[in-house]
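One letter stands for each residue in the lines below.
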Amino acid sequence: MNMKLLIVDDDLPFRERLSRSMEKKGFDVVSSPNFKESVTKVNETKFDFAVVDMRLEDGSGLELVKEI
């Protein structure tokens, strides 16, 4: 069974590279570019792990960690 990983970062190239890398390591990756979309995804899915950018354009990564 794959572990679910949420990647939240507003830097698209970084987010895509990290997603591909983690998928190769066997993670089921869901990515998001911002706080609002991430909160929606967290409410819909249970994630085992998350990689969160601390400075998002529409909110704080620390606040998102609290939501998770």
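Anything mentioned here points back to the structure above.
The structure contained in this document is the topic of the report that follows.

Conventions adopted
- Residues numbered from 1 in each chain as written.
- Predicted model: local features only at pLDDT ≥ 70, side-chain atom pairs only at ≥ 80, totals over all residues.
- Heavy atoms only, no water.
- Pairing = 2+ DSSP bridges.
- Helix = DSSP H or I, 4+ residues; strand = E, 2+ residues; numbered from the N terminus.
- Axes fitted to C-alpha atoms, helices over the stretch in contact; angles between N-to-C directions.
- Contact = heavy atoms within 4.5 Å.
- Expected span 1.5 Å × (residues − 1).
- Buried < 20%, exposed > 50% of the residue type's maximum accessible area, 1.4 Å probe, protein only.
- Arc of directions from axis to C-beta.
- Salt bridge = Lys/Arg side-chain N within 4 Å of Asp/Glu carboxyl O.

## Re the sheet that holds strand 3 (residues 49–52)
Then step 1. Taken together, three strands build an open sheet; the order of strands is 2-1-3 and the sheet is parallel. Strands at the two margins of the open sheet, each flanked by one partner only, are strand 2 (28–32) and strand 3. Recorded for the sheet is a direction-independent mean angle of 15° between the axes of neighbouring strands.
Then step 2. Here five bridges tie strand 1 (residues 4–8) to strand 2, and the two strands are oriented parallel to one another. Bridging from a neighbouring strand, Val 8 pairs with Ser 32 of strand 2.
Then step 3. Most of the contacts of helix 2 (residues 35–44) go to strand 2, to which it runs at about 145°, and overall it touches strand 1 and strand 2.

## Some details on helix 1 (residues 12–24)
Then step 1. The terminal C-alpha atoms of helix 1, which comprises 13 residues, lie 18 Å apart, in line with the 18 Å expected from a rise of 1.5 Å per residue.
Then step 2. Taken as a whole, helix 1 has its buried residues at Arg 15, Leu 18, Ser 19 and Met 22. Axial view of helix 1: buried residues confined to an arc of 105°, hence all on one face.
Then step 3. Following helix 1 by one or two positions, Gly 26 adopts a phi angle in the positive range, close to 100°.

## So, the pattern of salt bridges
Then step 1. Counting across every chain of the model gives four salt bridges.
Then step 2. Asp 28 is paired through a salt bridge with Lys 4; the nearest N and O atoms lie 2.6 Å apart. Of this pair, Asp 28 sits in strand 2 while Lys 4 sits in strand 1, and the two are 24 residues apart along the sequence.
Then step 3. With a closest N to O distance of 3.2 Å, Glu 37 and Lys 41 form a salt bridge. Taken together, the positions of Glu 37 and Lys 41, both in helix 2 and four residues apart, correspond to about one turn of that helix.

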